2 protein chains.
Amino acid sequence: MSKVTVNGAADMLAAADRILILIHQFPDGDTIGSGFALCHALQSLGKTARVVCHDAIPEKYNYMVSAVPQPDFEPDFICAVDVADAKLLGESLQVYADRVDLCIDHHGSHREFEKHLLLDASMGANAMIILQVIEAMGVTVDQTMADCLYTGIATDTGCFKYSNTTPLAHRMAAQLMEAGAQAEPINRAMFDIKSRARMHLEKLALQSISFYDHDRTAVMCVTTDMIRESGAEENDMEGLSPLTRQIEGVWVGVMLREKADGDYKVSIRTGTHADAAAICGLLGGGGHPRAAGCTLSGTTDEVIAQVRDAIQRAVPRITEVK
Amino acid sequence: MSKVTVNGAADMLAAADRILILIHQFPDGDTIGSGFALCHALQSLGKTARVVCHDAIPEKYNYMVSAVPQPDFEPDFICAVDVADAKLLGESLQVYADRVDLCIDHHGSHREFEKHLLLDASMGANAMIILQVIEAMGVTVDQTMADCLYTGIATDTGCFKYSNTTPLAHRMAAQLMEAGAQAEPINRAMFDIKSRARMHLEKLALQSISFYDHDRTAVMCVTTDMIRESGAEENDMEGLSPLTRQIEGVWVGVMLREKADGDYKVSIRTGTHADAAAICGLLGGGGHPRAAGCTLSGTTDEVIAQVRDAIQRAVPRITEVK
């Protein structure tokens, strides 16, 4: 693996054709926005390019998908975007795991699997790096790219609310709005409108919250039964994990999500008092300082015990009496 | 009344001293941020200045209030900020209503009451105009001013989510962060943090939602029992009424709040398919096209029946089969 700069990545893409763009499983606004913006930029240079994902793209992102033609072809160059680990490509894309020519990522916890890597963990959203690469390729950002890139920045920064929101993130948002990004309808679709199933699931999830460590740790558990009862789909799960961290006095917000195989997907959100990546690192996972994850096996109680142990080891002060 | 430019307003303030700054009643982040940023900027020029408000400043804004000394003095110059109408000064400040030398405001609906007016309705937040005035006075924005002005911009734009968020709002946010604005803790305090009582009440409120009119009407009921059980206080009620409107496919979101006397305070929120003011007009209330209210008596079922009847009369299409 060799690290490349923005210009290095732009040169590689400019020299390539028949480019397959891989995005991560359980796709979110940043990986989708990064993938389709890059795909559209490459197509505007006359190249053949397509985005592939292990999972179906949730309907609310259709405004990005429908704007970029997806031709079928045998790839000569493979580029992964916002993929922190080959595992996150998902099962159906594992065939490409050791064939990735270039990965463009912003996760500090990135685990190398690619031939060439453009990594910038200072970027709150991967779409911010993609914008730099698109400009380095000499492509003028049009409305389609602007909508995609704005979506990536807005969703990964919690609409400019999270600690990963930098002055550059705001300046890029301004630039993308001037390039035609339809910020308001995008924000409404991403942050306001919730499906009935999501509302139902949110109600059940709130009922499940338990508190530990002098109420500085809050654990929310989403079981397969809850998901079935609510009728929620994958995209209804987005934005659930921050709920616990929003409770006054909570340092560490934990969401346990039971998977079909009985394992638990653990999402951890923290404020300035704790490092989510450090906690998940102790549990075989990783991520960002304020948002990280891992996967654990066992009963709900066993999983909660493992997570609480990791939290207390990574954040000893959390057990101090107030 | 004469209109003035940013530079004109800056010159007037630079020439003045013993400046009393008036902000509007029921103060929000923008009027408070505008007032205390301007006060601190004037003090940094060696001037005597103070901010006054008819109401007490809510505790969550203390980081702005505590950062700016508030001396007592007889004013020679009176400046109102973010005050769209003399009435909004509140009862205790009516004594100043016809003595305001300068008003700096961003409301298109501004009703003139001042000697000189700096009005820019293109600004999503009044704090954006204040930043321009502070710079025009030659004052360097320090962290205190940056915190105040960032708060004003973030709160009035719904953390950069609403349609009033312009590229300039994003660029000013970037500039203020570089000037030291503590964006993340401010965002957390303004938009994220909910008391446990609020979380509890939200859970109970979500449980109470019922749907009518092919799921285009959603009714949420908050009883005195729920408020008692959750331990919620008045400020925990903020932002509850829009919840039903956020549900996909809902045209009319209704929140019933049982009052101490047993009557119900009815809040109605609508999208583009229905007129909230028209519905509440049929029930003896009123308001805006997207947000209106009224007060009704009777049992919960009787009140819901009255509201549903008004909705069906004001929005006949709501009963049409999909």
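Residues numbered from 1 in each chain as written. Chains lettered and ligands numbered in written order. Predicted model: local features only at pLDDT ≥ 70, side-chain atom pairs only at ≥ 80, totals over all residues. Heavy atoms only, no water.

**Re the overall build of chain A**
And step 1. Of regular secondary structure, chain A possesses 11 helices and 12 strands.
And step 2. The C-alpha radius of gyration computed for chain A amounts to 20 Å, which stays within 12% of the reference 20 Å derived for 322 residues, consistent with globular compactness.
And step 3. Here the C-alpha coordinates of chain A stretch approximately 60 × 40 × 40 Å along the principal axes.
And step 4. Of all 322 residues assigned to chain A, the portion counted as buried reaches 57%. (Helix = DSSP H or I, 4+ residues; strand = E, 2+ residues; numbered from the N terminus. Rg over C-alpha atoms; globule rule 2.2 N^0.38 Å. Buried < 20%, exposed > 50% of the residue type's maximum accessible area, 1.4 Å probe, protein only.)

**Topic: the domain arrangement of chain A**
All names here are of chain A.
And step 1. Taken domain by domain, chain A consists of domain 1 (2-191) and domain 2 (196-319).
And step 2. Placing the centre of domain 1 and that of domain 2 at their C-alpha centroids yields a distance of 27 Å.
And step 3. Both faces combined, the contact of domain 1 with domain 2 buries some 830 Å², and carbon together with sulfur accounts for 52% of it.
And step 4. In this assembly, domain 1 and domain 2 are joined by zero salt bridges. (Domains from an automatic or database assignment. Buried area = accessible area lost by both parts, 1.4 Å probe. Salt bridge = Lys/Arg side-chain N within 4 Å of Asp/Glu carboxyl O.)

**Points about the pattern of salt bridges**
And step 1. In the structure shown here, the tally under the stated rule is 29 salt bridges over all chains.
And step 2. In this structure, E184 of chain B and R245 of chain A form a salt bridge, with 3.9 Å as the shortest nitrogen-oxygen distance. On the criterion of chain membership, the pair formed by E184 of chain B in helix α7 (residues 183-192) and R245 of chain A in the loop between α9 (224-230) and β9 (252-258) is interchain, its members lying in two chains. Of the two residues, E184 of chain B and R245 of chain A, both sit in the buried class.
And step 3. As a salt-bridge pair, D85 of chain B and K87 of chain B come within 3.5 Å of each other at their nearest N and O atoms.
And step 4. When its relative accessible area of 56% is taken as the criterion, K87 of chain B is described as exposed.
And step 5. Several salt bridges share partner residues, and in doing so they unite K161 and R245 of chain A together with E184 and D192 of chain B into one network.

**Remarks on the interface of chain A and chain B**
And step 1. Every contact between the two is made by 37 residues of chain A and, on the other side, 36 residues of chain B.
And step 2. For the pairing of chain A and chain B, the buried interface totals around 3600 Å² over both sides, and the portion due to carbon and sulfur atoms is 58%.
And step 3. Between the two partners, chain A and chain B, sit eight salt bridges.
And step 4. Of the charged contacts in the structure, one is a salt bridge between D215 of chain A and R196 of chain B, with a shortest N-O distance of 3.0 Å.
And step 5. Between chain A and chain B we count 18 residue pairs in polar contact (both at pLDDT 80 or more) in total.
And step 6. Of all the elements in the fold, those that place two or more residues in the side of chain A that touches chain B are α6 (167-178), α7 (183-192) and α8 (196-207) of chain A.
And step 7. It is α6 of chain A that contributes the most residues to the side of chain A that touches chain B, eight residues altogether. (Contact = heavy atoms within 4.5 Å. Polar contact = N/O pair within 3.5 Å; in protein donor to acceptor, adjacent residues only side chain to side chain.)

**Regarding the packing of aromatic side chains**
And step 1. According to the stated counting rule, one finds three aromatic pairs over all chains in the structure shown.
And step 2. Judged by centre distance (6.2 Å) and plane angle (70°), the ring pair of F160 of chain A and F160 of chain B falls under edge-to-face. Of this pair, F160 of chain A sits in the loop between α5 (143-156) and α6 while F160 of chain B sits in the loop between α5 (143-156) and α6 (167-178), placing the two residues on different chains.
And step 3. On the basis of relative accessibility, which here comes to 0%, the residue F160 of chain A falls in the buried class.
And step 4. For the ring pair Y150 of chain B and F160 of chain B, a centre distance of 6.1 Å and an interplane angle of 50° mean the geometry is tilted. Residue Y150 of chain B is located in helix α5, and its partner F160 of chain B is located in the loop between α5 and α6; the two are separated by 10 residues in the primary sequence. The two residues Y150 of chain B and F160 of chain B agree in class, both being buried. (Phe/Tyr/Trp six-rings, centres within 6.5 Å; stacked < 30°, edge-to-face > 60°.)

**A look at the sheet that holds strand β6 (residues 116-119) of chain A**
All names here are of chain A.
And step 1. Taken in spatial order, the six strands make up an open sheet running β1-β6-β5-β4-β2-β3, and their pairing is parallel. In this open sheet, the two strands that pair with only one neighbour each are β1 (2-3) and β3 (49-52).
And step 2. One ladder, built from two bridges, connects β1 with β6; its direction is parallel. In the strand pairing of β6, S2 is matched with H116.
And step 3. Those strands touched by helix α1 (residues 6-15) are β2 (19-22), β4 (77-81), β5 (102-105) and β6, and its axis lies near 140° from that of β5.
And step 4. The strands touched by helix α2 (residues 29-44) within the sheet are β2, β3 and β4, with β3 carrying the most contacts at an inclination of about 170°. (Pairing = 2+ DSSP bridges. Axes fitted to C-alpha atoms, helices over the stretch in contact; angles between N-to-C directions.)

**Remarks on unusual backbone geometry**
And step 1. Within the chain, D215 of chain A stands out as a residue other than glycine whose phi angle is a positive 65°.
And step 2. Among the residues examined, D215 of chain A registers a relative accessible area of 31% and is labelled partly exposed.
And step 3. In this structure, F26 of chain B is a non-glycine residue whose phi angle is positive, near 45°.
And step 4. Tracing the chain through its elements places F26 of chain B in the loop between β2 (19-22) and α2 (29-44).
And step 5. For F26 of chain B, a relative accessible area of 64% corresponds to the exposed category.

**Considering the state of the cysteines**
And step 1. Scanning the model with the defined rule gives zero disulfides over all chains in all.
And step 2. Of the cysteine sulfurs around C159 of chain A, a residue in no disulfide, the closest is that of C159 of chain B, at 6.1 Å.
And step 3. Here C53 of chain B stays free of any disulfide, with the sulfur of C39 of chain B as its closest cysteine sulfur at 13 Å. (Disulfide = S-S within 2.5 Å.)

**Some thoughts on the packing of α5 of chain B against α7 of chain B**
All names here are of chain B.
And step 1. For the pair α5 and α7, interaxial distance at closest approach is 10 Å and the crossing angle is 45°. Accordingly, the angle class assigned to the pair α5 and α7 is oblique. The element α5 and its partner α7 pack so that their crossing is right-handed. Along the contact surface, α5 presents D147, Y150, T151, A154 and T155, while α7 presents A183, I186, N187, M190 and F191.
And step 2. Across the contact of α5 with α7, the residue classes tally to six nonpolar, three polar and one charged. (Parallel < 35°, antiparallel > 145°, perpendicular 65-115°, else oblique. Left-handed = near helix turned anticlockwise from the far one by under 90°. Nonpolar A, V, L, I, M, F, W, Y, C, P; charged D, E, K, R; others polar.)

**What about the sheet that holds strand β9 (residues 252-258) of chain B?**
Residue and element names in this part refer to chain B.
And step 1. An order of β7-β8-β9-β10-β12-β11 is seen for the six strands of this open sheet, with the pairing classed as mixed. The sheet terminates laterally at β7 (210-212) and β11 (286-287), the two strands that pair on one side only.
And step 2. Relative to strand β12 (residues 291-296), β11 is paired through two bridges, and the arrangement is antiparallel. Counterpart to G287 in the pairing with β12 is A292.
And step 3. Strands β7, β8 (217-222), β9, β10 (264-270) and β12 of the sheet are contacted by helix α11 (residues 300-314), whose axis makes an angle of about 150° with β9.

**Considerations on the environment of K161 of chain A**
And step 1. Inspection of the secondary structure assignment puts K161 of chain A in the loop between α5 and α6.
And step 2. Separated by 136 residues in sequence, K161 of chain A and Q25 of chain A place their C-alpha atoms 25 Å apart.
And step 3. For K161 of chain A, the contacting residues outside a window of four places in its chain are Q246 of chain A together with C159, E184, N187, F191 and D192 of chain B.
And step 4. Side chain to side chain, K161 of chain A and D192 of chain B meet in a polar contact 2.8 Å long.

**Some details on the pairing of β9 of chain A**
Residue and element names in this part refer to chain A.
And step 1. Most of β9 sits out of view: seven of its seven residues are buried.
And step 2. Side-chain alternation along β9 places V252, V254, L256 and E258 on one buried face and G253, M255 and R257 on a second face that is also buried.
And step 3. Here strand β8 (residues 217-222) pairs with β9 via six bridges, running parallel. Paired with A218 across the two strands is G253, which belongs to β9.
And step 4. Pairing between β9 and strand β10 (residues 264-270): seven bridges, direction antiparallel. Residue pairing in the sheet places L256 in a bridge with V266 of β10.

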